[in-house]
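Coordinates in review
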Amino acid sequence: MFESKKSTLAPRLSTEQSEISILTKLFRPNVSCQGAEHLKKFVPYEMDNILERRANEYKQYQLRRKTNADIIIAPANSPLQYPITGFRVAPLKTSLIPGLALQTQGRGLTNKREVYKVSLSVKSGVLSVEDLLDGDQVEGQGQSELTISSSNLTHLNDLLSRVTYTSTIYHIRTSDLVFFTFGDHKAIFPIMIRRPSVPVLYDPGKDINSQVTIITKTFLRYKELSVLIQSIRKFYPKIKIIVADDSLKPENVSGNNIEHYIMPPAQGWFAGRNLAVSQLTTKYFLWVDDDFEFLSETRIERFVEIMEALPDLDVLGGEVSGDQFYFVLQYDEGDENDGGCLRRIREFHQPLPGYDGCFLVDGVVNYFLARTDAVRRVGFDPFLKRVAHTEFFIDGVGKLMVASCKGLSVGHQTHRAQDEYDIYRNQRKSDERRKLAHHFFKNYLNYIKY
């Protein structure tokens, strides 16, 4: 289905060229940041104040995303048996701790003792043993520290198999640590406290019309939009089309299963994308520019086939007039005080197994199929009004699995010069500086190179 492509990368589209031109020289020892822009110089505000606000926001961001960052290493030859990778509980709920036991056989320990004694402690919850009987030696029942003793190892392990944990602090995404000791032997393992999330599913229906919505953003290009819609209807007469329109003087856009949303004038590309995505009711959407044109080889079903076969994929890009533009974003978190470094390079991570001409990447051309729920979690930043494409994928690093496939094609209409449109479309130097200053704060970056 797809042609293989191993060594050469397709040229960039003209829509990306102006975005790439901004960054040249500059000076960071980190190899990945060679030639990157130092973003502080683009920040037009009083520096001390904005640095303090940025640092505070970054600390809160780190706290929000922290789950259990500690690496748990099991000590060698420990007689303590426990769930080394931890386990999951719901907040304020009681759960059995799986796998707790004391294994003294074959470890150089005396199997016959007067008393076997273990202890467990936690910080954000309480511990108990279920179904205690008279004579069971358990101290600290319902408290954060629990001690269990028995002269019989089998009995001790029976008690350990009934130890429960109950979180006492409500939080939807946090963790606790269990400290488990026997004599000089100590072990630590995590408990992930998670509120179970409610599934949000999209009924795929029986055909492509119920699986995919086509969305686009238009501005002063009604002739191009008309050509696009006519080409879509030639191959997909019933599929829904959503148009977000921030033209200065909106014109009527109508037709079967077309939703036309009028925005305030010149709000920009990303604001339009957000509006269009907010109206989706299908599992997938296909993004197209308003000057694209469907061809006989433009088959949305081929996108869906791959996405259905690979549920981990969130975004799948194609090619526009033969150009399969894609890229990788090298990100170094950098110094916690100053921020990170990000660099866009024309490479791919790996070939997509089983699909010739397909590659795992970080960003794709402006023609892609995406999972509605995944893109909504990332969103499009309405601050960016002009020349904004890579920025969505920057926000999606670590959140979106992205691939690009050769052979998933759409056409591009012949460019028509429009002075009024070009005034708004072309990025001014002041726009570049505002965007770079925005990256400095929003993405906690110190250096960037597109």
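The structure reproduced in this document is the subject of the present report.

Rules behind the numbers
Residues numbered from 1 in each chain as written. Predicted model: local features only at pLDDT ≥ 70, side-chain atom pairs only at ≥ 80, totals over all residues. Heavy atoms only, no water. Helix = DSSP H or I, 4+ residues; strand = E, 2+ residues; numbered from the N terminus. Buried < 20%, exposed > 50% of the residue type's maximum accessible area, 1.4 Å probe, protein only. Contact = heavy atoms within 4.5 Å. Areas by Shrake-Rupley, 256 points an atom, 1.4 Å probe, with all protein chains shown as cover. Phe/Tyr/Trp six-rings, centres within 6.5 Å; stacked < 30°, edge-to-face > 60°. Polar contact = N/O pair within 3.5 Å; in protein donor to acceptor, adjacent residues only side chain to side chain. Pairing = 2+ DSSP bridges. Axes fitted to C-alpha atoms, helices over the stretch in contact; angles between N-to-C directions. Patch = residues over 30% accessible without salt bridge, like charges linked within 9 Å, V, L, I, M, F, W, Y side chains within 5 Å. Salt bridge = Lys/Arg side-chain N within 4 Å of Asp/Glu carboxyl O. Expected span 1.5 Å × (residues − 1).

Our focus in this paragraph is the overall build of the protein chain. What the protein chain contains, in helices and strands, is 11 helices and 26 strands. Counting all 450 residues of the protein chain, 51% fall into the buried class. Relative to all contacts within the protein chain whose residues are 6 or more apart in sequence, the contacts with residues 24 or more apart total 73%. For the protein chain, the accessible area works out to roughly 22300 Å², and carbon and sulfur atoms hold 50% of it.

Position of Thr213 among the secondary structure elements: in strand 13 (residues 212-218). Looking at Thr213, the relative accessible area reads 1%, which means it is buried. Beyond its immediate sequence surroundings of up to four residues, Thr213 is in contact with Lys240, Ile242, Leu280, Thr282, Tyr284, Phe285 and Leu286.

Take the packing of aromatic side chains next. Summed over the entire model, instances satisfying the criterion amount to 17 aromatic pairs. Ring centres of Tyr326 and Phe359 lie 5.5 Å apart, and the angle between their planes is 40°; on these two criteria the pair is classed as tilted. With a gap of 33 residues between them, Tyr326 in strand 19 (residues 326-335) and Phe359 in strand 22 (residues 358-361) connect regions that are remote in the sequence. Taken as a pair, Tyr326 and Phe359 share a single burial class, namely buried. Ring geometry for Phe348 against Phe359: centres 4.3 Å apart, planes inclined by 35°, an arrangement best described as tilted.

Here we take up the side chain of Ser150. Along the chain, Ser150 turns up in strand 9 (residues 145-150). Side-chain polar atoms of Ser150 contact the backbone nitrogen of Asn152, separated by 3.1 Å. Filtering out sequence-adjacent residues up to four positions away, Ser150 remains in contact with Val115, Tyr116, His155 and Leu156.

Our focus in this paragraph is the sheet that holds strand 4 (residues 94-96). Taken in spatial order, the 3 strands line up as 4-10-7 in an open sheet, and their pairing is antiparallel. Two strands close off the open sheet at either side, each with one partner strand: strand 4 and strand 7 (125-129). Ignoring which end each strand starts from, the neighbouring axes of this sheet average 25° apart.

All right, on to a nonpolar patch on the surface then. Taken together, Leu92, Tyr170 and Ile172 make up a surface patch of nonpolar side chains, about 290 Å² in accessible area. Looking at Leu92, the relative accessible area reads 45%, which means it is partly exposed.

This paragraph deals with helix 11 (residues 429-442). Between its first and last C-alpha atoms helix 11 spans 20 Å; for 14 residues at 1.5 Å apiece the expected length is 20 Å, and the two agree. For helix 11, the complete set of buried residues consists of Asp431, Glu432, Lys435, Leu436, Ala437, His438, His439 and Phe440. With its phi angle positive at about 50°, Tyr444 sits one or two positions after the end of helix 11.

So, about the pattern of salt bridges. Tallying each qualifying case throughout the model produces 12 salt bridges. With a shortest N-O distance of 2.6 Å, Lys217 and Asp246 are connected by a salt bridge. Of this pair, Lys217 sits in strand 13 while Asp246 is found in the loop between strand 14 (241-245) and strand 15 (258-262), placing the two residues 29 residues apart along the sequence. Taking the shortest distance from any N to any O, the salt bridge between Asp290 and Arg221 comes out at 2.5 Å. One end of the pair, Asp290, is in the loop between strand 16 (284-287) and strand 17 (292-293); the other, Arg221, is in the loop between strand 13 and helix 5 (222-235), with 69 residues separating them in the sequence. Taken individually, Asp290 and Arg221 each receive the classification buried, so the pair is uniform in this respect.

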